[in-house]
Amino acid sequence: MTKTSKTYDVLIVGGGPAGSCCAMALQASGLRVALLEKTRFPRNKVCGDAIPLGVVRWLSRVDPDCAKALQNLDTIAPIRTIRLVSPKGKAYDRRWYPDSFTCKRADFDAFLLNWAAKAPNLDVFMETAVNTVDVDATGVAVETDNNQVFRAKIVIGCDGSNSVIRKQLTDTRIDPAHYGVAVRAYYKHLSGLPPATLEFHFIKGIVPGYLWIYPMHDNTANVGLGMLSRALIKNKSNIRDLFHMALESPGLRHRFANAEMVGKLEGHSLPLGSRTIPVSGNRFMLCGDAASLVDPLAGDGIGQAVFSGIQAGWHAQHCAEQNDFSAAMMHAYDEVLAAKYRRNFAKRYLLQRIVSANLWLIGLSFTLFGFSAKSHLLVKRLID
Ligand SMILES: Cc1cc2nc3c(=O)[nH]c(=O)nc-3n(C[C@H](O)[C@H](O)[C@H](O)COP(=O)(O)OP(=O)(O)OC[C@H]3O[C@@H](n4cnc5c(N)ncnc54)[C@H](O)[C@@H]3O)c2cc1C
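The structure contained in this document is the topic of the report that follows.

What counts, and at which threshold
Residues numbered from 1 in each chain as written. Predicted model: local features only at pLDDT ≥ 70, side-chain atom pairs only at ≥ 80, totals over all residues. Heavy atoms only, no water. Helix = DSSP H or I, 4+ residues; strand = E, 2+ residues; numbered from the N terminus. Rg over C-alpha atoms; globule rule 2.2 N^0.38 Å. Buried < 20%, exposed > 50% of the residue type's maximum accessible area, 1.4 Å probe, protein only. Contact = heavy atoms within 4.5 Å. Near = heavy atom within 4 Å. Polar contact = N/O pair within 3.5 Å; in protein donor to acceptor, adjacent residues only side chain to side chain. Areas by Shrake-Rupley, 256 points an atom, 1.4 Å probe, with all protein chains shown as cover. Arc of directions from axis to C-beta.

## Quick look at the overall build of the chain
Line of reasoning, step 1. A count of helices and strands for the chain gives eleven helices and 20 strands.
Line of reasoning, step 2. In summary, the chain has a C-alpha radius of gyration of 21 Å against a globular reference of 21 Å for 384 residues, a match within 12%.
Line of reasoning, step 3. Taken along its principal axes, the extent of the C-alpha atoms in the chain is 60 × 40 × 40 Å.
Line of reasoning, step 4. The burial tally for the chain puts 57% of its 384 residues in the buried class.
Line of reasoning, step 5. Counted over contacts in the chain with a minimum sequence separation of 6, partners at least 24 positions apart contribute 71%.

Right under this line is the structure:
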């Protein structure tokens, strides 16, 4: 079959939050941009659906109208409180920040991509999966599964945890010490749901990890469990079995007695930001999960996808102005991400390991809370 060929200034691979926000950051750049997404939207994305702090703030920087429209979506459920539940069932509530909410990823991601697609400089190609990427002195060429060749000056890999761009343009390999795995399912008729609250349950025998219960706008709850891959391999455990074990634990069993799963239990990997990997090189940058930016303690990654997507978009524009797409020029992007995340992630990875090995610390913190500033600090660090 003959291949069709198209030429742009910038190629974005992947239309999740990283890809859409990258496109938005480029909307006033004057550059011609193509976004290639392998699925058709709205598409299911395995996630806890908790849209973290900072997403609205960063969106406001590139497109205030988009940030406002997002907050007015009728598919979001605002969050007011965070609840941590210790292995002994003791609960600690903390008021949460005003701009956080839950939203099913099918709705959230479709909203962002539809918004980004309004920009006249952007062409979106759905059901177009990138198979190969080649970089040479003159530019970048990607080939897709539907026999198209796209050429550009630069490619931005926003293609998630199994990123083709990362695999083909860097030597980074999967390391179970820096990968998580998580499963989630939606439930209806779950009892005892506190209003507008994200619940985190620490359960004896399930470490390092926690079970979350997040309320959704349609009266269902997103229930999930995340674990470190290395721990699962070491203990020869299966995360689906652990999930069902958690629902049977004494503190939760009664709440799930009449609950019904809607759909099925689904899982996905989480590339943690606890190690430093190259996130750019000659004519490319990586964003979001492709750049391993998931918080090693809490497991969230949407905020980092939005931030890195925007930064990569801005940096691509700067490179185009200088007409310099060399690895040395790209490296400034690594530095932006390192300054924002690396030190903090290293600390949070350490904290995750300490707490996982000493689960009693959570119980102790709850008991001491109110008397000791240090225990308060530990609980606060687990949440923030
Ligand atoms: C079970 C689970 C629960 C989670 N819960 C939360 C949470 O509550 N809050 C939070 O902040 N984070 C959470 N995360 C992490 C969050 O889902 C990710 O960090 C986030 O989706 C990263 O966004 P992204 O745009 O980088 O990648 P993605 O959202 O994965 O988007 C990548 C896109 O690229 C497309 N793509 C992939 N390969 C190709 C290709 N070859 N060609 C073209 N397109 C391609 C995909 O179809 C996809 O649309 C969770 C993760 C898991 C697994």
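## What to know about the site of the ligand
Line of reasoning, step 1. Lining the immediate environment of the ligand, one finds 39 residues, of which E37, G48, A50, R105 and D289 sit closest.
Line of reasoning, step 2. Between the ligand and V130, the relevant distance is 2.9 Å, taken from a nitrogen atom to a main-chain nitrogen or oxygen of the residue.
Line of reasoning, step 3. Alone, the ligand offers 1000 Å² of accessible surface; in the complex the protein occludes 94% of this.
Line of reasoning, step 4. Looking at the shell around the ligand, the elements with two or more residues in it are α1 (17-25), β16 (209-215), β18 (260-271) and α8 (302-322).

## Some details on the environment of W58
Line of reasoning, step 1. Mapped onto the elements, W58 comes out in helix α2 (residues 55-62).
Line of reasoning, step 2. The class of W58 is buried, set by a relative accessible area of 13%.
Line of reasoning, step 3. Measuring from C-alpha to C-alpha, the distance between W58 and D123 comes to 23 Å, with 65 residues separating the pair along the chain.

## Concerning α2
Line of reasoning, step 1. Residues V55, V56, W58, L59 and V62 constitute the buried set of α2. Along the axis of α2, the buried positions cluster into a sector of 165°, meaning they face one direction only. For α2, the exposed residues lying more than 90 degrees away from the buried face are R57 and R61.

## Re the side chain of T172
Line of reasoning, step 1. Tracing the sequence through the fold places T172 in the loop between α5 (164-169) and β14 (179-188).
Line of reasoning, step 2. Looking at T172, the relative accessible area reads 12%, which means it is buried.
Line of reasoning, step 3. Of the polar contacts made by the side chain of T172, one reaches the side chain of T170; its length is 3.2 Å.

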